[in-house]
Amino acid sequence: MDTLLSIRDLKKYFPTKYGTLHAVDGVSFDIKRGTTLGVVGESGCGKSTLGRVILHLLSRTDGSIHFEGEDISDVSPEKIHELRRNMQIIFQDPFSSIDPRMTVSQIIGEPLEIYNVCKNKAEYRDQVRSIMDTVGLDSRLESYYPHELDGGRRQRIGIGRALMLNPKFIVCDEPVSALDVSIQAQILNLMQDLQAERKLTYIFITHNLSVVKHISDEIVVMYLGVMVEKAKSKELFKKHFHPYTKALISAIPRIKKVDKHKRIILKGELSSPIDPPDACRFAPRCNHAEDICKHTQPALLEISEDHFVACHRARELSDI
Ligand SMILES: Nc1ncnc2c1ncn2[C@@H]1O[C@H](COP(=O)(O)OP(=O)(O)O)[C@@H](O)[C@H]1O
Ligand SMILES: [Mg+2]
């Protein structure tokens, strides 16, 4: 399998009146074609910013982005326009930035107009209908407005629009977080089917680790702009080293009560991302923090094959 996307030491800082906000602070990973990388972490840890920087919806501060082997870190607006055909995004609320007077077919078909791909109206209509069918929207909904539809159908419109130009890569930014659990499963299944049919590559962003368990091949856990753990999905649920990952996994509700299972409650809030000190960013909330954690930021190291952890105490704590 070849690598579709590769990012190295990617950073996005926002200047604020209080100092420099390190939203994404040195993130590196590769994604193989046709696979899904889950990006997990609590609100404010930089997931959306990371997705947007990769898609050039936001400029980067530092680091590199390669897509299909090509360095796309610094590209012209024309090149970004061309890249966007292959690199799309699905949002949690697909309509926050869309004119509410547009109908379902206008929303789904807009990319065709922007890229001027259809020869005539009939071709345009056929392509829109075909995508509506692909994402499970009845053609009678064509002239509806999104506010007339339920959350699941609205998200199908968002997915249809993202698929319209037949992209290779999609950043899915909390696409099911606003949906009821039963609808979440339908949308996740649809996304998995589409991935298999179209060999799509996904970054799947969520604050809820259980959502990405089944859809992800690999998972990255982020905390305050940095990666704290990365592993294959199955491996991560079996074995997790970082105290933050342990807390996230312990918070997933279980059907059966397992004696050993104890929920780890995190104390305190996410610390400030403004001018963070050279320290482990999780240390203020970590039960296991020692002196070194407060003075040196831990590097992301390979603890076992393809399993990376950024924690000074990962090895000692692995049995706890
Ligand atoms: N345009 C912006 N200007 C200043 N700060 C921002 C901007 N966008 C995001 N941030 C900050 O960057 C951090 C990461 O935000 P975000 O990527 O939205 O996190 P997440 O998607 O994980 O909830 C937060 O502290 C947020 O307040
Ligand atoms: Mg977000």
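The structure we're discussing is the one just above.
My aim in this report is to walk through the structure given alongside it, one point at a time. Position numbers for residues start from 1 in each chain and track the written sequence from start to end. The order in which chains are written sets their letters, starting at A; the order in which ligands are written sets their numbers, starting at 1. The predicted nature of this model means local features are confined to residues of pLDDT at least 70 and side-chain atom pairs, given and counted, to a pLDDT of 80 or more, with totals for whole chains, interfaces and linings taken over all residues. Side-chain metrics in this entry use all non-hydrogen atoms of the structure; hydrogen atoms and water are not considered.

1. Remarks on the pairing of strand 2 (residues 19–32)
Here is step 1: At least two bridges found by DSSP between two strands are what make those strands a pair. Going along the chain from the N terminus, every DSSP run of H or I of four or more residues is numbered as a helix, and every run of E of two or more is numbered as a strand. As paired elements, strand 1 (residues 3–16) and strand 2 share 11 bridges and run antiparallel to each other. Bridge pairing links Lys12 to Val24 in strand 2.
Here is step 2: Linking strand 1 back to strand 2 in an antiparallel pair, the connection comprises two residues.

2. Overview of the sheet that holds strand 4 (residues 62–67)
Here is step 1: With antiparallel pairing, four strands are arranged side by side in an open sheet as 2-1-4-5. The open sheet terminates on both sides in strands that have one partner only, identified here as strand 2 and strand 5 (70–71).
Here is step 2: Whether two residues touch is decided by their heavy atoms; if any such pair falls within 4.5 Å, the residues are in contact. Inter-axis angles, ranging from 0 to 180 degrees, are taken between N-to-C directions of lines fitted to C-alpha atoms, where helices are fitted over the stretch in contact. Relative to strand 1, helix 1 (residues 47–54) is tilted by about 120°, and along the sheet it contacts strand 1, strand 2 and strand 4.

3. Looking at the sheet that holds strand 10 (residues 226–232)
Here is step 1: Pairing in this open sheet of eight strands is mixed, and the strands run 6-7-8-3-9-10-12-11 from one edge to the other. Strands at the two margins of the open sheet, each flanked by one partner only, are strand 6 (87–90) and strand 11 (301–304). Across the sheet, the axes of successive neighbouring strands diverge by a mean angle of 25°, strand direction being ignored.
Here is step 2: Alignment of strand 9 (residues 218–223) against strand 10, held across six bridges, turns out to be antiparallel. Each bridged residue has a counterpart across the sheet, and for Glu218 the counterpart in strand 10 is Lys232.
Here is step 3: Of the strands in this sheet, strand 6 and strand 7 (169–173) touch helix 5 (residues 151–163), which is tilted by about 175° from strand 6.
Here is step 4: Here helix 9 (residues 243–250) sits on the sheet in contact with strand 3 (36–40), strand 9 and strand 10, set at roughly 110° to strand 9.

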